[in-house]
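# A closer look at the structure
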Amino acid sequence: MPHSVSPGESPSHRNDEEVLPDAPPTDATPSGPEEKESEATENDTKDRLADLLFDDDDDDEFPASSAPDTKNENPASRDAVDSSAPQPAHVDTDTMLAFYQRLFPFRYLFQWLNHGIVPSPDFGNREFALTLQNDAYLRYQSYATADLFRKDILRMNPSRFEIGPVYNTNPRDRKTLRGGQMKPVSKELVFDIDLTDYDDIRSCCEKANICGKCWTFVTMAMKVVDTALRDDFGFQHILWVYSGRRGAHAWVCDPRARSLPDDRRRAIAGYLDLLRGGAQSGKRVNLKRPLHPHMSRSLEILKPYFAQTTLVDQDTFVSSEQAQRLLALLPDKALNDALRKKWESSPDRSSTNKWADIDSLAKTGKSSTLKTSTLREAKQDIVLEYTYPRLDSEVSKKMIHLLKSPFVIHPGTGRVCVPIDARKAEQFDPLSVPTVTQLLGEIDAYDAENPSNGAGDAVDGEGSVPNDSDVRGSRKLQDYEKTSLKPYVDYFRSFIAGLLKEERGGKRERNEDMTEVKTESMEF
Amino acid sequence: MIRQDFHQVDPKRRATLDHKKKQFAAPVYKQQDYPHRLNFYEVPPTAEITLEQFEQWAIDRLRILAEIEACSYRNKSPAETEAHITPLLQKYLPLSSNTSSSLGATDQRLKNERQKDHYSHFILRLAFSATEDLRRRFARAETMLFRFRFQKDDSRERRAFIESLNLDWEPVSDEERRELSEHLVNATPGLRRVDEESWYKVDWERVPELVERRSVFLYRGKAYVPGREQLSMIIAEFTARLERSLELTSRALPRLDEDDRLTPILNHLSKNFGSAESVYSEGEGFVDGAPITAQNIDQLSQHFPLCMRSLHMSLRKNNHLKHYGRLQYTLFLKGIGLSLEECILFWRQSFKGFTDDEFNSRYKYNIRHAYGDVGGDVNRRGRGYPPYSCQKILGDSNPGVGQTHGCPYRHFSVDNLIGLLQSTGVSDRELLRGVREDVEKTRYHIACNRVFEWTHKAEIKRVKEDGTWNQTDLDTIVHPNTYFKRSYLLKQVGRAPKKA
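Residues numbered from 1 in each chain as written. Chains lettered and ligands numbered in written order. Predicted model: local features only at pLDDT ≥ 70, side-chain atom pairs only at ≥ 80, totals over all residues. Heavy atoms only, no water.

As annotated in an unreviewed UniProt entry, chain B carries the name DNA primase large subunit and comes from Aspergillus oryzae. Recorded in UniProt under Sequence similarities (unreviewed entry), the annotation for chain B is "Belongs to the eukaryotic-type primase large subunit family." (UniProt positions renumbered as here; feature names shortened; annotations may be inferred.)

Naming follows an unreviewed UniProt entry, where chain A appears as DNA primase of Aspergillus oryzae. Turning to chain A, the UniProt record has this under Sequence similarities (unreviewed entry): "Belongs to the eukaryotic-type primase small subunit family."

Structure below.
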């Protein structure tokens, strides 16, 4: 049984629960709200708690009230609709609405941006920008609570939305202020990696298409950037999010990162930026020696990727065109001539062999002027040019830059923008990320397999008290838990937990009086 | 029982009372002592000073700042600026190190110097926080002054001062430095060995330029900065803090609850900043004992700088000068100590083709106005306008047709300039070639000073040899009235060598 331990008695559980109000069965959530309610009536904090409670209800309510129509009466037909739905490339408005209603983790998104349970300006003054179904773009939306946020998203049913900075005032009030009065005060430090920037070095796909082979470029970029942010800048709370098609975003959520002014953001972007100039500008990496520790470390991370991805998977230098470019990056003319001659005689020589040729020919002494160190440095530069992260640094430089929210649907692919665990970045496969239609199908499949549970839901939902099932001891599953979205939401939750733990530490220092109240609100 | 709140000590006002009674109590301020020569100007002054001190201290500091600005304006090298500023600082805003007194920081003289430095800074903050432009220039000039003093500071005192700032700089231990030596060398360009320098750990946000250029070693959010970057970090910190406080001051300014004693002084100060006019204080150009009357101007005009000499020559030639020429010349004459009555007499006699009525109705008022004899309250209080400095004259718009004001070196064509110089008796070919070069390079001051040095070379040599004049007295001339005074005095020395 999940609640062999009563939440009121166990401080450790209470901690967990504050962070994760609608935690899955392993936590002792079910009885929490009930107890809470009785306590809350005797408590000053009643209103606030009630808010939270109703938030909780909301998530349960929808599956119960709206979903049963399709789910219980005719699950098969629902499946049929799904399978006959057009290509995932187009997500219709009903599907989108169902996704927001049943799957989108509003509460966690709220907690993530709010840095706590009690609604604060961190969330209330945060700008959201909605792209509506008719492609209208609504900026400066803001919401006081998770509940209002959810309601408005359901009402507008945007095809996606983006997250902007926290302003010093409510962004909706901007028109009442004199010009220049509204100023951004904080936002996560963000990074954007997009595979289109790699088009000149990936041979497998181009433009918007991706495959497992070229996704490795994103993986290595994530590793390099993540390591630098953690080891060099000391950031800890870095959320990587799949952008839905061919890239990834990083959200650095540490308090210190959120409050960075633009010039400091520019400094980080410059620190991480390496490639300069476009495709036509010749050698784009010209590092001074000795290598900066960040560069030598990145080089160590990237070397194996170069050997595997660039030389084998992509076989980048197999075409004579690309081989020419490689030669242009080498420093010695005599060596280049020898290599060119050799490669022209065997046109389909593999990249690995060509790369090895450089060293072997250099050793045979084709050139007397070439120093080994010069060649080694040139080769290092080449490795970096072909593997070093290509960041869209403009995104990182400005606090006011908007970035697509995690967990929204990419309108082109129908895939959910799920978080990626950077520690297991290699295991992430963008092509197996669930699409919205797939997820809705999984809910129905689950409910069909577990009819009792589904029925329980229905009964449950009709009652005004959503916790009947808790009394009976079986906690009702949230819809996302029935689907392959669950591991991603779970990861997001654990990420938030880590973030909130640090936030809480900071806040307690500032205001000791709040501790008492906070302990109370933990009992979710 | 007085309860002390150790967490929230107001830096300025001491919480010595029950907070409930605080608003009715007379505030008790923390006594400021000045253990260090340098000051980051974090805490505003709270003791009482007289209005005279208020104005005088501000003017003295302003003089220095204007000089500093003028130096940068003229592209002087740091060494030149130092040579120029040091004697002025000694004169107007001395700030001695602790070692200069046997008593150390407790010496009353040092305290007074530091108090003046402290107070004058804050007075000028009030005067220069009003507009974006003034704030920027003030911060720039103050930063340069701070940098200058910082570099001159005794190294031990400097270290003590830095430590007192609580800048959150953690020295890197020898052990850690050895461990990281490879990284430190690789990350820091232009460094050969790590043990040459002392290293500090600071939050990386403090050195964004180094981070952006990837020329500093970072570890877990700390930047490992070599000691030689210390100066730039301190300076950056000083500027950042000053700009922030100026911004705050400007927002508080409209609510400044003040009677009408300070505001006019502050306005006057801020109006004067920027033109080097503030360098020139009233009466500075006066020469004691010189017979300065309307009758003597012709004879004195040999000591005038070329701009005034040319005005005088065209006045004598045309018996008339246009408005701006009159203004420039009148103010100069006022500056050399010509009284209002004598000045009116001088112009009356010079304007030969006019009747008394014409003169009185057209010109007299302007002369009286320039002397502050008539006009609005501000003009009268300020005793008219100050004599124009070189910077002001150079900066003014080009003289139009028939106008004669301005600076000949700047506004005349080179050939006309050379002609004018020759007509005043300057004919040395080597010198004229130098003047041509200077003018080409737009170094008008240098040209003017070059002429001065040539025309007074015998006298300068003498006063240098017998040591009666030091380098300060022979500094670059940046004001026509200084030119006159120096020229006059030098010729006096020439005439009476045993002046003692």
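A separate point is the interface of chain B and chain A. Listed as interface residues are 18 residues of chain B and, on the opposing side, 23 residues of chain A. Buried area between chain B and chain A, both sides added, is near 1800 Å², and the carbon and sulfur share of it is 55%. It is W204, E212 and R214 of chain B in chain B that bury the most area against chain A; as a group they hold 40% of the surface buried on that side. Seen at the junction of chain B and chain A, the total is four salt bridges. Between R266 of chain A and E212 of chain B there is a salt bridge, with the nearest N and O atoms lying 3.7 Å from each other. The tally of links between chain B and chain A comes to ten residue pairs in polar contact (both at pLDDT 80 or more). (Contact = heavy atoms within 4.5 Å. Buried area = accessible area lost by both parts, 1.4 Å probe. Salt bridge = Lys/Arg side-chain N within 4 Å of Asp/Glu carboxyl O. Polar contact = N/O pair within 3.5 Å; in protein donor to acceptor, adjacent residues only side chain to side chain.)

Looking now at the UniProt feature "binding site: [4Fe-4S] cluster" (unreviewed entry) in chain B. Residues and elements named next belong to chain B. What UniProt calls "binding site: [4Fe-4S] cluster" (unreviewed entry) maps, in this numbering, to C307, C390, C407 and C448. The named residues occupy 142 residues along the chain; their greatest pairwise C-alpha distance, 10.2 Å, places them in one compact cluster. Here C407 shows up in the loop between α16 (390-395) and α17 (408-411). C407 has contacts with C307, I393, L394 and F412, leaving out every residue within four places of it along the chain. As for its placement among the helices and strands, C448 is situated in helix α20 (residues 444-455). Among the residues examined, C448 registers a relative accessible area of 15% and is labelled buried. Ignoring anything within four residues of it in the chain, the contact list for C448 reads Y409 and Y483. (Helix = DSSP H or I, 4+ residues; strand = E, 2+ residues; numbered from the N terminus. Buried < 20%, exposed > 50% of the residue type's maximum accessible area, 1.4 Å probe, protein only.)

In this section: the packing of aromatic side chains. Summed over all chains, the structure comprises 56 aromatic pairs over all chains. Arranged with centres 4.8 Å apart and planes meeting at 80 degrees, the rings of F304 of chain B and F332 of chain B form a pair that is edge-to-face. Note that F304 of chain B is positioned in the loop between α10 (297-300) and α11 (306-318) and F332 of chain B in helix α12 (residues 323-336), a separation of 28 residues in sequence. The same class applies to F304 of chain B and to F332 of chain B, which are both buried. Against the face of Y198 of chain A rests R390 of chain A, its NZ or CZ located 5.4 Å from the ring centre. Here the basic side chain of K334 of chain B rests over the ring of Y371 of chain B, its NZ or CZ set 5.8 Å away from the ring centre. (Phe/Tyr/Trp six-rings, centres within 6.5 Å; stacked < 30°, edge-to-face > 60°. Lys NZ or Arg CZ within 6 Å of the ring centre and 35° of its normal.)

W112 and F235 of chain A are the most contacted members of the largest nonpolar core, which totals 175 residues. If you tally residues by element for this core, the top one is helix α10 (residues 212-232) of chain A, at eleven residues. Apart from the residues lying within four places of it in its own chain, the contact partners of F235 of chain A are L189, L229, R230, V252, D254, R256, A257, L260 and I268 of chain A together with W204 of chain B. Listed in part, the 61 residues of the second largest apolar core include I336, L338, C407 and F452 of chain B. (Core = buried A, V, L, I, M, F, W, Y, C linked by side-chain atoms within 4.5 Å.)

For the rest of this paragraph, the subject is the environment of D194 of chain A. All names here are of chain A. Turning to its location among the elements, D194 is positioned in strand β5 (residues 189-194). In this structure D194 touches R246 and G247, once residues within four positions along its chain are discounted. Here T196 takes part through its side chain, which lies 2.7 Å from a polar atom of the side chain of D194.

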